[in-house]
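Chain and residue survey
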Amino acid sequence: MIEALKEALAVSPDNIPLRMSLADLLLGEKQYSEAAQHFKEVLNQHYGHQQAQAGLAACYFHLGQYSAAIIIYEQLEGKLKDKDVLLYIKCLVKEKSLEKAAILYQGLIALSPSLADAELDALFRVAGNGSFDNDEDWDEDASNDIFLEKPDINFSDVGGMQKVKDEISMKIIHPLKHPEIYKAYGKKAGGGILLYGPPGCGKTLIAKATAGEINSKFIAIGLHDILDMWIGNSEKNLHEVFETARDHAPCVLFIDEVDALGASRSDLRQSAMRHTINQFLSELDGIDSNNEGVLVLAATNAPWSVDSAFRRPGRFDRLIFVPPPDENGREEILKSQLKDKPSEAIDYKKISAATAEFSGADLKALVDRTIEEKLEQSFRSGQLSAITTRDLLQMAKTMQPTTREWFSTARNYALYSNESGQYNEILEYIKKRKW
Ligand code: ADP
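Now for a quick tour of the structure. (Residues numbered from 1 in each chain as written. Predicted model: local features only at pLDDT ≥ 70, side-chain atom pairs only at ≥ 80, totals over all residues. Heavy atoms only, no water.)

A closer look at the site of the ligand
Condition: Only a single heavy atom is needed: when it lies within 4 Å of a molecule or strand, its residue is near that molecule or strand. Within 3.5 Å is the distance limit for a polar contact, defined as a pair of N or O atoms, with the added protein rule that one can donate a hydrogen and the other accept it, and that residues adjacent in sequence qualify only through two side-chain atoms. Computed with the Shrake-Rupley method and a 1.4 Å probe, the accessible areas treat only the protein chains shown as cover for residues.
The ligand sits among 16 residues. The nearest are Gly-159, Gly-200, Lys-203, Thr-204 and Leu-205. In this structure, a nitrogen atom belonging to the ligand sits 2.9 Å away from a main-chain N or O atom of Gly-159. Residue Leu-205 places a main-chain N or O atom 2.9 Å away from an oxygen atom belonging to the ligand. Burial of the ligand by the protein amounts to 82% of the accessible area it has alone, namely 560 Å².

Right, here's the structure in full:
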């Protein structure tokens, strides 16, 4: 059928219903990239074709390009079919826009209860009668389900960061792939890595890509999510996260915000926290369980607040600085963010030069905002226009890099609390930036 439609299209390439049938069939056959091309072609020929837009968004969803899908779904809100609303909700969950996802899901199943989705139910705790209860935090079982993923990205999807990639390769990937070599030198594989640096510079992304490199499962948690000081559930929550990782080994367990468990914080909750810290350490050391195949990567924006017990040998004994991307890194990130977007030949060097100190997340925001503006323009003028270097440069001028604030704090620690030289990399970076 697909071949027959392709032949027919070769004869009449402007036949939109024919191309839509082919695109829908390809989508049904999970040939997402090819289906996307045909949906795009329909949109070229018939601007604003809603079914093609929804089809394209579905392709983006299946290709893991959630933010691209969301941009389209936002434009179509109120006009989407139920099954597309469900995909929209899943994209929002992936991009952590949980509040909006919860509202849409509530509306969807109120109208069409048959569309209830087990994973989303667990996430939003929908009671059997369809009533809704999203006041409480999601429980750990739900968060385990939702965070356990098999990443489809690897190091090549992470722009720049060569030094970080090399260190992770040496410390995590090689030991896993060649345990015999490590053994021969009397070295045990293991020991955690603590990534630190300004927010939005790719710590989570590189952890996820590490799982992709070794083809393992990936769990990401923020410690704030599982700290439950007053009710005393933190230890149980922590244990369940580690157990899930052990059950799914090989697994990269990424723990963000480890500073949340900092005994160095002058915090009234310290004594309660001590229990949780001890629990964390025994999980990490694998005292009561076997951590084989569980690779722990942790991250923090505030390494100076991380409890010193975490930094002992065999634990997070390797501190890696993840700086904002350099000029080449920015170029790579911009290229990957603009991939598959309608754009003219972009002068990446120029934009990269104009976005010094931008984090990866800032660059993503720059592209997203430019696209939003372009979409608005297109809707006003009725013409689809491509993104240009000028659009991006103009948008960059309106933005401030978010990394500056981090460096102004980090600088003080690097200057005055750098006893063992652990923050030398911050000083080097600041020096290079001539501050
Ligand atoms: P962090 O964990 O350091 O706060 P993230 O890894 O969550 O930062 O990065 C936020 C987003 O910014 C990522 O999802 C990605 O879209 C983009 N990004 C950041 N760094 C990079 C990079 N080196 N290459 C590609 N994209 C990046």
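Observations concerning unusual backbone geometry
Here is the rule we go by: Secondary structure is summarised from DSSP: a helix means a run of H or I of at least four residues, a strand means a run of E of at least two, and numbering begins at the N terminus for each. Each residue's exposure class comes from its accessible area (1.4 Å probe, protein chains only) as a fraction of the maximum for that residue type: buried when under 20%, exposed when over 50%, partly exposed otherwise.
That bond from Ala-249 to Pro-250 is cis: its omega, 0°, falls within 30 degrees of zero. As for its position among the elements, Pro-250 is in the loop between helix H14 (234-247) and strand S3 (251-256). Backbone geometry at Met-161 places phi at a positive 55°, although glycine is not the residue there. Here Met-161 is to be found in the loop between helix H9 (140-147) and helix H10 (162-177). On the basis of relative accessible area, Met-161 is assigned to the buried category, the value being 16%. If you check the backbone angles, Asp-340 has positive phi at about 70° while not being a glycine. Within the secondary structure, Asp-340 sits in the loop between helix H16 (327-338) and helix H17 (348-353). Asp-340 gets classed as partly exposed once you look at its relative accessible area, which sits at 38%.

A word on the packing of aromatic side chains
To describe a pair of aromatic rings, one takes the distance between the centres and the angle between the planes. Basically, it comes down to this: We call Phe, Tyr and Trp rings a pair once their centres come within 6.5 Å, taking the six-membered ring for Trp, and we label the pair stacked below 30 degrees between planes, edge-to-face above 60, and tilted otherwise.
Scanning all chains against the criterion turns up 16 aromatic pairs. The interplanar angle of 20° and the centroid separation of 6.2 Å between the aromatic rings of Phe-321 and Trp-406 together place this pair among those described as stacked. A residue pair is termed long-range when its members are at least 10 positions apart, and Phe-321 in strand S5 (residues 318-321) and Trp-406 in helix H20 (residues 403-416) qualify at 85 residues. Looking at Trp-406, the relative accessible area reads 9%, which means it is buried. Three or more aromatic residues joined by ring pairs make a cluster, and in this case those are Tyr-196, Trp-304, Phe-321, Trp-406, Phe-407, Tyr-413, Tyr-423 and Tyr-429.

A few points about the side chain of Arg-330
As a reminder of what qualifies: Working convention for charge: Lys and Arg count positive, Asp and Glu count negative, and His plus the chain ends are omitted. When a carboxyl oxygen of Asp or Glu lies within 4 Å of a side-chain nitrogen of Lys or Arg, that pair is called a salt bridge. Between two residues, a contact is recorded if the distance between any of their heavy atoms is within 4.5 Å.
Position of Arg-330 relative to the elements: it lies in helix H16. Buried within the structure, Arg-330 lacks any salt-bridge partner; Glu-327 is the closest side chain of opposite charge, at an N-O distance of 4.1 Å. Of the polar contacts made by the side chain of Arg-330, one reaches the backbone oxygen of Thr-355; its length is 3.2 Å. With residues near it in sequence (within four places) discarded, Arg-330 still touches Pro-325, Ser-352, Thr-355, Ala-356, Glu-357, Phe-358 and Leu-363.

Some thoughts on the environment of Ile-206
In this fold, Ile-206 is placed in helix H12 (residues 203-213). Separated by 53 residues in sequence, Ile-206 and Ile-153 place their C-alpha atoms 9.4 Å apart.

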